[in-house]
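Geometric and topological summary
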Amino acid sequence: MSKAKPFSIAKREVWGAYKRVKVNRGAAGIDRQTVEEFEKDLSNNLYKLWNRMSSGSYFPAPVRRVEIPKPDGRKRPLGIPTVTDRVAQMVVKQYLEPILEPHFHRDSYGYRPGKSALQAVGEARKRCWKYHWVLDLDIRSFFDTIDHKLLMRAVRKHTDCKWVLLYVERWLEAPVQMPDGTLEDRRKGIPQGGVISPLLANLFLHYALDKWMERHFPEIPFERYADDVICHCKGEKQAKYLLDTIRCRLAECRLELNMQKTKIVFCKDSYRNGSYANESFDFLGFTFRSRLSKSRNGRYFVNFSPAVSNTATKTIRQEIRSWNLHRRTDKSLEDFARMFNPIIRGWINYYGSYYKSALYQTLWHLDRIISRWAGRKYKRLRGRQRKAQRWLRRIRNRQSWLFAHWRFAYTWAGR
């Protein structure tokens, strides 16, 4: 092997990584270069990256910090690498993922091939019927507090590839550019927003929690999606003991539970008497709680089930408001359908998977906004909201296929 190229990295690996980054798109890093701008000199950009990675001279740029508002008013910090760094991270991810995947726990669902959030919700639903108690864990600032030494120990357990270890370490040590332009050194944590961050986070919690649970509490099932964890217990006493033990275990791994959000929940239904301070919990956009259900033979009973959470419906309504339909009087209903049906279908496919009726009100809210748009667009409907609603209802009856939510939210509800 040439001394100039100590690392053997195939050019096709860099090309394949770029194609996956292109599909994912994403915001620009500190150099403000978008994927489209990167493509203008694609061959040269990819060759330079391959050359630097193969020679060991590749160093990542600082990560751009972006703060995303959270439903509770706080902000979630994201770290946005440059396009070049995203491609480099994808090269390493393509190498590491096939090695790590066979070792991950079957009930780890986050950011894994063939796994999904809906699978985690479905499994939690079945286990809540079987087990009376849930321990809902919240790890405080998980991505920001991951210990670098422990993480690198986990990576080395699965590979001795020098260039993989070198570049993972460099990404962990890359500084963060704050919104005011200052650079901040990072001594712990991995940036949310990095291509390889979810894989590294899964690896860290695989050893910090999953394997430990499998070894010490094999009788307690759980679902984990990244740092969202739900454990199912037979009794309150078991749940309290598990909470204390997990808190100690995470402290050994330099992690801390957020005790204000971590809670023990009683899964109350028709067959479980008594009450408890906490009888509901949120998991991946769904609220699990007691709900009135109908059996196959037509009898009603109380079931502990998931449905779209209030936080999720609030986020959906905020998204709808951001469309500013009332200002788009130059558009037609057909234009709106083309523009927004992919988003609406996404909401239905995800949040409509369990207890569909909980989603109806939010989707009906969209039609109220559309009828107000019609009142501004058409003179005969101006200032006559009821008439605009009747106008939209006639169109919905004639063209129920036009908007993705019409058949879903009205046929099921009998409206």
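Relevant structure appears above.
Residues numbered from 1 in each chain as written. Predicted model: local features only at pLDDT ≥ 70, side-chain atom pairs only at ≥ 80, totals over all residues. Heavy atoms only, no water.

Now for the pairing of strand β7 (residues 228-233). Most of β7 is tucked away, with 5 of its 6 residues classed as buried. Bridge analysis of strand β3 (residues 133-138) against β7 gives 6 bridges, and the strand direction is antiparallel. The residue of β7 that forms the bridge with leucine 137 is valine 229. Sheet topology note: the strand β6 (residues 222-225)/β7 ladder contains 4 bridges and is antiparallel. When the bridges of β7 are listed, arginine 224 appears paired with valine 229. (Buried < 20%, exposed > 50% of the residue type's maximum accessible area, 1.4 Å probe, protein only. Helix = DSSP H or I, 4+ residues; strand = E, 2+ residues; numbered from the N terminus. Pairing = 2+ DSSP bridges.)

Time to look at the environment of histidine 158. Relative to the assigned elements, histidine 158 resides in helix α7 (residues 148-158). The residues contacting histidine 158, other than those within four sequence positions of it, are Ile99, Leu100, His103, Leu203 and Tyr207. (Contact = heavy atoms within 4.5 Å.)

Right, let's get into the layout of surface pockets. If you add up the space inside the second largest pocket, you get close to 480 Å³. Forming the walls of the second largest pocket are 15 residues, and the residues nearest its centre are Ser293, Lys294, Tyr354, Tyr355 and Lys356. Going through the elements one at a time, α5 (117-130), β10 (286-294), β11 (300-308) and α13 (357-377) are the ones with two or more residues in the lining of the second largest pocket. Looking at side-chain class alone, the lining of the second largest pocket contains 7 nonpolar, 5 polar and 3 charged residues. (1 Å grid on protein atoms, 1.4 Å probe; cavity = no way out; pocket = protein on both sides within 12 Å on 5 of 7 lines; lining within 4 Å. Points joined across faces, edges and corners; volume = space filled by probe spheres on them. Nonpolar A, V, L, I, M, F, W, Y, C, P; charged D, E, K, R; others polar.)

Spatial strand order, β6-β7-β3-β8: 4 strands in an open sheet with antiparallel pairing. Each of the sheet's edge strands pairs with one partner strand only, and the pair in question is β6 and β8 (263-266). Between one strand and the next, the sheet's axes are offset by a mean angle of 15 degrees, whatever the strand orientation. Taken strand by strand, helix α9 (residues 197-216) contacts β6 and β7, and its axis lies near 175 degrees from that of β6. Across the sheet, helix α10 (residues 236-252) lies against β3, β7 and β8, angled at about 20 degrees from β3, the strand it touches most. (Axes fitted to C-alpha atoms, helices over the stretch in contact; angles between N-to-C directions.)

On to the sheet that holds strand β5 (residues 183-184), then. The strand order across the open sheet formed by 4 strands is β2-β1-β4-β5, and the pairing between neighbours is mixed. Every interior strand has two partners, whereas the edge strands, β2 (75-80) and β5, have only one. Both strand β1 (residues 63-69) and strand β4 (residues 176-177) contribute to a ladder of 2 bridges, which runs parallel. Bridging across to β4, valine 63 finds its partner in valine 176.

Within the fold, arginine 396 resides in helix α14 (residues 385-398). Leaving out residues up to four positions away in the same chain, arginine 396 has contacts with Asp367, Trp406 and Tyr410.

For the structure on display, the rule yields 1 cavity of 30 Å³ or more. Estimated volume of the largest cavity: approximately 120 Å³. Lining the largest cavity are 17 residues, and of these Val63, Gln89, Trp171, Arg186 and Pro191 sit closest to its centre. If you list the elements that add at least two residues to the lining of the largest cavity, you get α4 (83-100), α8 (162-173) and α9. Among the elements that take part in the lining of the largest cavity, α8 stands out by supplying 3 residues, more than any other. Residues of the lining of the largest cavity, tallied by class, amount to 12 nonpolar, 3 polar and 2 charged.

Before going further, it helps to examine the pattern of salt bridges. Two side chains bearing opposite charge may form a pair once their charged atoms approach each other closely. With the rule as written, the count across this model stands at 16 salt bridges. Note that lysine 126 is salt-bridged to glutamate 123, the shortest N-O span being 3.6 Å. One end of the pair is lysine 126 and the other is glutamate 123, both in helix α5 and 3 residues apart, which spans about a single turn. Connected via shared salt-bridge partners are Asp107, Glu123, Lys126, Arg127 and Glu223. (Salt bridge = Lys/Arg side-chain N within 4 Å of Asp/Glu carboxyl O.)

Grouped together as the largest cluster of nonpolar side chains are 72 residues, with contacts concentrated most on Met53, Trp163, Met213, Cys231 and Ile246. Residue contacts for methionine 213: discarding those within four places in its chain leaves Pro218, Ile220, Phe222, Cys231, Leu242 and Ile246. In terms of nonpolar packing, the next biggest core, distinct from the first, is built from 54 residues, Ala120, Val265, Ile369 and Ala388 among them. (Core = buried A, V, L, I, M, F, W, Y, C linked by side-chain atoms within 4.5 Å.)

All we've got here are geometric facts, nothing functional implied.
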